[in-house]
2 protein chains.
Amino acid sequence: MTDLAAYMTGVGEAARRAATLMAAAPTAAKDHALQALARRLREAGPALAEANARDLAGARELDAPLLDRLKLNDKILATVAEGCKQIAAMPDPIGEITGVKRRPTGIGVGHMRVPLGVFGMIYESRPNVTIEAASLAIKSGNACILRGGSEALHSNLALAALVGDSLEEAGLPRDAVQLINTTDRAAVGLLIAMPAFVDVIIPRGGKGLIERISREARVPVIKHLDGNCHSYVDAEVDLDLAVAVVDNAKTQKYSPCNATESLLVHAARAADFLPRIGMVFAAKGVEMRGCERALALLDAVPRDLLKPATPEDWDTEYLAPIISIKVVDDLDEAIAHINRHGSHHTDAILTTNHVHAMRFLREVDSASVMVNASTRFADGFEYGLGAEIGISTDKFHARGPVGLEGLTSMKWVVLGQGEIRR
Amino acid sequence: MTDLAAYMTGVGEAARRAATLMAAAPTAAKDHALQALARRLREAGPALAEANARDLAGARELDAPLLDRLKLNDKILATVAEGCKQIAAMPDPIGEITGVKRRPTGIGVGHMRVPLGVFGMIYESRPNVTIEAASLAIKSGNACILRGGSEALHSNLALAALVGDSLEEAGLPRDAVQLINTTDRAAVGLLIAMPAFVDVIIPRGGKGLIERISREARVPVIKHLDGNCHSYVDAEVDLDLAVAVVDNAKTQKYSPCNATESLLVHAARAADFLPRIGMVFAAKGVEMRGCERALALLDAVPRDLLKPATPEDWDTEYLAPIISIKVVDDLDEAIAHINRHGSHHTDAILTTNHVHAMRFLREVDSASVMVNASTRFADGFEYGLGAEIGISTDKFHARGPVGLEGLTSMKWVVLGQGEIRR
């Protein structure tokens, strides 16, 4: 344990030193490192396959989906290499000076975008996250400390070595991206409690992991716990559009955090809308857990797909072919229900009424609020961020999908000509 | 204690309910409340004087400066009333939609500025902070829970009553601004650990108070601990300008957090600059604690004002007529010294060299970085924010002086026409 503490302090100090150099690194050097990384990822196929095979051999008792996420094949490598090239092609967010206004005293006051410094990333099996986090760190001028899943250690070490070589090739500090080289679980506890060396922690994984990190971290955490997303069908609505969007929001993919988990329908249109969406869901085997009024309108749905909703259903993220359905009396009830039971992630209204659309946008207290669009769009790539390190349901700092800008901070710059304060 | 916990939960629930209404409140109603508050503050002189007299009578054993800060005279009331009118005249930050860009899928994606929700403000003797916090909360559409110093309770209750009456007059919820009506210290511990009801804590007071709150809070804290600010005199510099600015940065006022506490001078100009600034400081009785090279150049300064600097001096915020002085060999040493010993609050370079100015702006990791201006400018009013609720030395969320915008958050808005994800 003393050795581990010393090791983590060493990692932290090296990250802080590297962060200072990365903050001042020229855009060309950062882009060079990203291009080199893309090239090395394509060239390293056999070596990476060997490291990955060791992890897979050691993880044979894992569930099939977990084993699948651990696998590092040519297609995944090509995708992350392409991601590096795309990030290299994006504008450098660092150093941008905005909004400089002249004050009556003569000074000019504005903002400069700068890196956060050092972020710690804690994640589970998928080794490609190593490259995603490293590439975002490099472009945003941060240093990062990566803690991947113990079952992926060999793959992650091999990937981190490619990152280090690419940084060196570009004349940047190798320690800008460090992977914690131990499977000791106590390393996580140390990483999240080093405010002198780490500016923010980004956890990606199960709810238990994220709750523990939020509770114990001594530095800010960019996180989301749940994606209990809602779609609300208003009284004034294009029914065809609403059916298509709600279907997509629930069924296009069941596992993502931005899938709709709860459907609210205005009482005035419930009799028109619910039987139609009910048949769509039924055809796809989606179980419907409804309030009494909803169930009464879903009587054409096969019995085995219908259940009365319990109070817990309104608070549940299923990540499965299940949806909760509630008939509400008006927009007020819909907004109140979402703000009370939702997870402040992503919620959408389907409406043709402008006043209702604007009220929903303003009053629903979520990271993403949508009008007439599928909640599945809440994603860094779909929003045009180019890359995503996570989605935040906190209100502080970055909210919603977090890309390069979420890894930066704005400091004030004051440009004077010798002004003094009177 | 059970009673106190129940009381605090009640306050929290009421604040959360009020926050929902405040978030949707029309600009006209918020401005009406602020104008009404300004009027009521001017009219309430005698009643406020009586409440304040009770506090002063109960605090007779306090130090003179503390008693002074507790005093609520006509001049202070006129100033805070004027502040309310100024905030009423500012644009409403809430509801602003910016940067909507059309994506290839057809959706429009942008940001909407919304209130944070509920902030808790913990402060010491000065009762005018009650009005400053209340007025910023009202304009920014937040609810707030105020916890003032126990010695100012009667004054604060009288002021909070005026705020409540003003909110009611404007048709807004009285509970949008609540003052904790107990001197029980345990209330602070409860307030900072109610994430369900409080979104952010803003402490204003001594370092001990802020450290304790940062350590124990279960919600984000907007804070600064120290203002160990630096002025660095570069090798290429207008000496007259540098003398005037450094003099102002140190001596215009000794107690504010943005006063310069440490002077760094490039070795090439130390022999020209130090004797001049030394005589300016000496004439004002400022004690100089220098490195060896600095002391050798300050030999014309009276002995009782000269001291060798100890290692602790480089880390010390004096808030007094004392300054630490160090001769450095180059810009790199200056930047490294500031990033290591400073408090990331405000630091300035005096230079005529553009490259040095830009490197200083980019590489000094502080909330405010300045070229050729007095560090004393780091202030919400001087920056044009109209009002200031505090200064943050954290990198997350609001950094530097925090005004109305620092009390808001940006959520994503997605404007669609029925788009679904493929």
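Note on numbering: residues in each chain are counted from 1, in written sequence order. Going through the entries in the order they are written, you letter the chains from A and number the ligands from 1. Per-residue local features are limited, in this predicted model, to residues with pLDDT of at least 70; the limit for side-chain atom pairs, both in listing and counting, is 80 or more; totals at the level of whole chains, interfaces and linings are taken over all residues. Processing note: side-chain calculations cover all non-hydrogen atoms of the structure and skip hydrogens and water entirely.

Caption draft 1: Layout of the overall build of chain A. By definition, any uninterrupted DSSP run of H or I lasting at least four residues is a helix, any uninterrupted run of E lasting at least two residues is a strand, and each is numbered from the N terminus. Looking only at helices and strands, chain A features 14 helices and 16 strands. In terms of overall dimensions, chain A has C-alpha extents of about 70 × 65 × 40 Å along its principal axes. Between two residues, a contact is recorded if the distance between any of their heavy atoms is within 4.5 Å. Looking at chain A alone, contacts between residues at least 24 apart form 72% of all its contacts between residues at least 6 apart.

Caption draft 2: A look at unusual backbone geometry. Notably, L319(A) is not glycine yet its phi reads approximately 55 degrees, a positive angle. Looking at the secondary structure, you find L319(A) in the loop between β10 (306-308) and β11 (322-328).

Caption draft 3: Looking closely at a nonpolar patch on the surface. A surface patch of nonpolar side chains, about 210 Å² in accessible area, is lined by I97(A), V100(A) and M358(B). Within the secondary structure, I97(A) sits in strand β1 (residues 97-102). Only protein chains enter the accessibility calculation, which uses a 1.4 Å probe; a residue is then buried when its area is under 20% of its type maximum, exposed when over 50%, and partly exposed in between. Residue classification places I97(A) among the partly exposed positions, given a relative accessible area of 33%. Patch membership requires over 30% relative accessible area and the absence of a salt bridge. Like charges are linked within 9 Å, and nonpolar side chains (Val, Leu, Ile, Met, Phe, Trp, Tyr) within 5 Å. Surface accessibility in these figures is a Shrake-Rupley result with a 1.4 Å probe; residues are shielded only by whichever protein chains are displayed. In the sections that follow, a salt bridge refers to a side-chain nitrogen of Lys or Arg positioned within 4 Å of a carboxyl oxygen of Asp or Glu.

Caption draft 4: Looking closely at the sheet that holds strand β4 (residues 143-147) of chain B. Residue and element names in this part refer to chain B. Spatially, the four strands line up as an open sheet ordered β5-β4-β3-β6, and their pairing is parallel. Pairing within the sheet leaves two strands with one partner each, and these edge strands are β5 (177-179) and β6 (200-204). Strand after strand, the sheet turns through a mean of 20 degrees between neighbouring axes, direction not considered. Where helices are involved, their axes are fitted lines through C-alpha atoms of the stretch in contact, as for all axes, and angles between N-to-C directions lie from 0 to 180°. With respect to the sheet, helix α6 (residues 128-139) is in contact with β3 (118-123), β4, β5 and β6, its orientation differing from that of β3 by roughly 165 degrees. Its contacts with the sheet place helix α9 (residues 207-216) against β3 and β6, and it is angled at close to 165 degrees to β6. Strand pairing is assigned whenever DSSP identifies at least 2 bridges connecting the two strands.

Caption draft 5: Main features of the sheet that holds strand β9 (residues 287-290) of chain A. An order of β10(A)-β9(A)-β11(A)-β8(A)-β7(A)-β12(A)-β13(A)-β16(B)-β2(B)-β1(B) is seen for the 10 strands of this open sheet, with the pairing classed as mixed. On the outer flanks of this sheet lie β10 of chain A together with β1 (97-102) of chain B, each paired with one strand and no other. Each adjacent strand pair in this sheet contributes to an overall mean axis angle of 25 degrees, direction not counted. In terms of strand pairing, β1(B) meets strand β2 (residues 108-115) of chain B through four bridges, oriented antiparallel.

Caption draft 6: Spotlight on the nonpolar core. The definition of a nonpolar core used throughout is a set of buried Ala, Val, Leu, Ile, Met, Phe, Trp, Tyr and Cys residues joined through side-chain atoms within 4.5 Å. Residues L41(B), F119(B), M121(B), L191(B), V198(B), I201(B) and I389(B) are the most contacted members of the largest nonpolar core, which totals 75 residues. In this view, L191(B) contacts M8(B), I122(B), I145(B), R147(B), I180(B), V198(B) and I201(B); residues no more than four positions away in its chain are not counted. By size, the runner-up hydrophobic cluster in this structure holds 74 residues, among which are A25(A), A38(A), C144(A) and L162(A).

Caption draft 7: Spatial organisation of the UniProt feature "domain: Aldehyde dehydrogenase" (unreviewed entry) in chain A. All names here are of chain A. UniProt positions are given in the numbering used here, feature names are shortened, and annotations may be inferred rather than shown by experiment. UniProt tags residues 13-277 and 314-379 as "domain: Aldehyde dehydrogenase" (unreviewed entry). Counted over residues 13-277, helix gives 51% and strand 17%. Its end C-alpha atoms are 56 Å apart. Across residues 314-379, helical content stands at 32% and strand content at 27%; the span's end C-alpha atoms are separated by 23 Å.

Caption draft 8: View of helix α5 (residues 74-89) of chain B. Residues and elements named next belong to chain B. To estimate how far a helix should extend, the number of its residues minus one is multiplied by 1.5 Å. Here α5 spans 23 Å end to end across 16 residues, near enough to the 22 Å set by a 1.5 Å rise per residue. Taken residue by residue, α5 has L77, V80, A81, C84, I87 and A88 as its buried positions. The buried residues of α5 occupy an angular sector of 120 degrees when the element is viewed end-on, so they sit on one face. Turned more than 90 degrees off the buried face of α5, the exposed positions are K75, T79 and A89. Against the buried residues of α5 lie α2 (27-43), α3 (45-58), α6 and α7 (153-169). By the N-cap criterion, in which a side-chain oxygen at the helix start approaches the backbone nitrogen of a residue two or three places on, α5 is capped by N73, the distance to K75 being 3.2 Å. Each direction from the helix axis to a C-beta atom contributes to the arc, which is the arc of those directions. By the criterion applied in these results, polar contacts are pairs of N or O atoms within 3.5 Å in which, for protein atoms, one can donate a hydrogen and the other can accept it, and in which residues neighboring in sequence qualify only through two side-chain atoms.

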